[in-house]
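Here is how the chains run, residue by residue.
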Amino acid sequence: MERTFIAIKPDGVQRGLVGEIIKRFEAKGFTLVGLKLVQVTRELAEAHYDVHKERPFFNGLVDFIISSPLVAMVWEGEGVIASARKLIGATNPLTAEPGTIRGDFGVSVGRNLIHGSDAPETAQKEIALWFTDEELVSWEASLKSWLVE
Ligand code: IDP
Ligand code: MG
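Calculation rules
- Every chain's residues receive numbers from 1 upward, in the order its sequence appears when written.
- Throughout, the order in which chains and ligands are written sets their labels, letters from A for the former and numbers from 1 for the latter.
- For a predicted model such as this one, the threshold for reporting local features is a pLDDT of at least 70, and the threshold for listing and counting side-chain atom pairs is 80 or more; totals across whole chains, interfaces and linings nevertheless cover every residue.
- To get the side-chain values, all heavy atoms of the structure are used, and hydrogens and water are removed first.
- Any residue with at least one heavy atom within 4 Å of a molecule or strand is counted as near it.
- In protein, a polar contact means a hydrogen-donor-capable atom and an acceptor-capable atom, both N or O and within 3.5 Å, with residues adjacent in sequence counting only if both atoms are side-chain atoms; elsewhere, any N or O pair within 3.5 Å suffices.
- Only the protein chains shown count as cover for residues, and all accessible areas are computed by the Shrake-Rupley method using a 1.4 Å probe.
- Throughout this entry, Asp, Glu, Lys and Arg are counted as charged residues, while Ala, Val, Leu, Ile, Met, Phe, Trp, Tyr, Cys and Pro are counted as nonpolar. The remaining residues, Gly among them, count as polar.
- In this scheme Phe, Tyr and Trp rings, the latter by its six-membered ring, pair at centre separations within 6.5 Å, and the angle between planes marks the pair as stacked below 30 degrees, edge-to-face above 60, and tilted otherwise.
- Secondary structure elements follow DSSP: runs of H or I of four or more residues count as helices, runs of E of two or more count as strands, with numbering from the N terminus.
- The cut-offs for exposure are 20% and 50% of the maximum accessible area for each residue type, with area from a 1.4 Å probe on protein chains only; residues under the lower value are buried, those over the upper are exposed, and the others partly exposed.
- Only heavy atoms matter for contacts: two residues are in contact if any of them lie within 4.5 Å across the pair.
- Residues enter patches when their relative accessible area tops 30% and they take part in no salt bridge; the joining distance is 9 Å for like charges and 5 Å for the nonpolar side chains Val, Leu, Ile, Met, Phe, Trp and Tyr.
- Here, a salt bridge means any side-chain nitrogen of Lys or Arg that lies within 4 Å of a carboxyl oxygen of Asp or Glu.

1. Quick look at the site of ligand 1
- Around ligand 1, the structure places K9, Y49, H52, F57, L61, R85, T91, R102, V109, G110 and N112.
- The side chain of H52 places a nitrogen or oxygen atom 2.9 Å from an oxygen atom of ligand 1.
- Between ligand 1 and V109, the relevant distance is 3.4 Å, taken from an oxygen atom to a main-chain nitrogen or oxygen of the residue.
- For ligand 1, whose unbound accessible area comes to 520 Å², protein coverage reaches 75%.
- A per-class count over the shell around ligand 1 returns 4 nonpolar, 4 polar and 3 charged.

What follows is the structure, encoded as structure tokens:
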């Protein structure tokens, strides 16, 4: 079953939006298989955003990610990678559609509340970067037959 890495960034935690954000993934019908509050190290933040290391915003982004705790999660479900990106909305919260997490709660690209893996390869890489196998729990929601045909 498909899995994706989702992080509620420090602004989402500081603003008290953890419950609101988790609620949306639960309500959609995805299954939580990993969850932890992390004070991220600079090394981990740099590894996570390695693809952006040449970008002008890289240092500011890393400073932001390590500035306060973040909630790291793995969510599971059919099509969860692309669907999570839709729930999250466009990178710039000002252009993100209302109804998306960024569209409903954000105003600034540098404070856009949440991260979600963008493809199967990045999901696999990010899950391995943030979680050990022992931290991930495989379980079947009893609701499953009411969510999936
Ligand atoms: P994504 O999070 O929607 O996948 P990416 O383009 O992968 O967006 O950028 C990663 C993160 O880097 C964004 O979520 C945002 O926090 C930050 N970022 C991207 N572009 C800018 C920018 O122009 N200024 C400040 N931060 C940016
Ligand atoms: Mg990205």
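2. Topic: the packing of aromatic side chains
- Considering all chains together, one arrives at 3 aromatic pairs under this definition.
- Here the aromatic rings of F5 and W130 are separated by 5.0 Å at their centres, their planes lie at 25°, and the arrangement is stacked. Of this pair, F5 sits in strand β1 (residues 3-8) while W130 sits in helix α7 (residues 120-130); the two residues are 125 residues apart in sequence, bridging distant segments of the chain. When sorted by exposure, F5 lands in the same class as W130, which is buried.
- In textbook terms, an aromatic cluster arises when at least three aromatic residues are bridged by ring pairs, as seen for F5, W130 and F131.

3. Topic: the side chain of S117
- Note on placement: S117 falls in the loop between β4 (114-116) and α7.
- There is a polar contact of 2.6 Å between the side chain of S117 and the side chain of E126.
- Discounting residues that sit within four places of it in the chain, S117 has contacts with T4, F5, I81, R85, T122, A123 and E126.

4. Notes on a nonpolar patch on the surface
- A cluster of nonpolar residues, L143, W146, L147 and V148, forms a patch on the protein surface that exposes about 480 Å² of accessible area.
- Tracing the chain through its elements places V148 in the segment after α8 (144-147).
- Among the residues examined, V148 registers a relative accessible area of 46% and is labelled partly exposed.

Shape is all these values report; function is a separate question.
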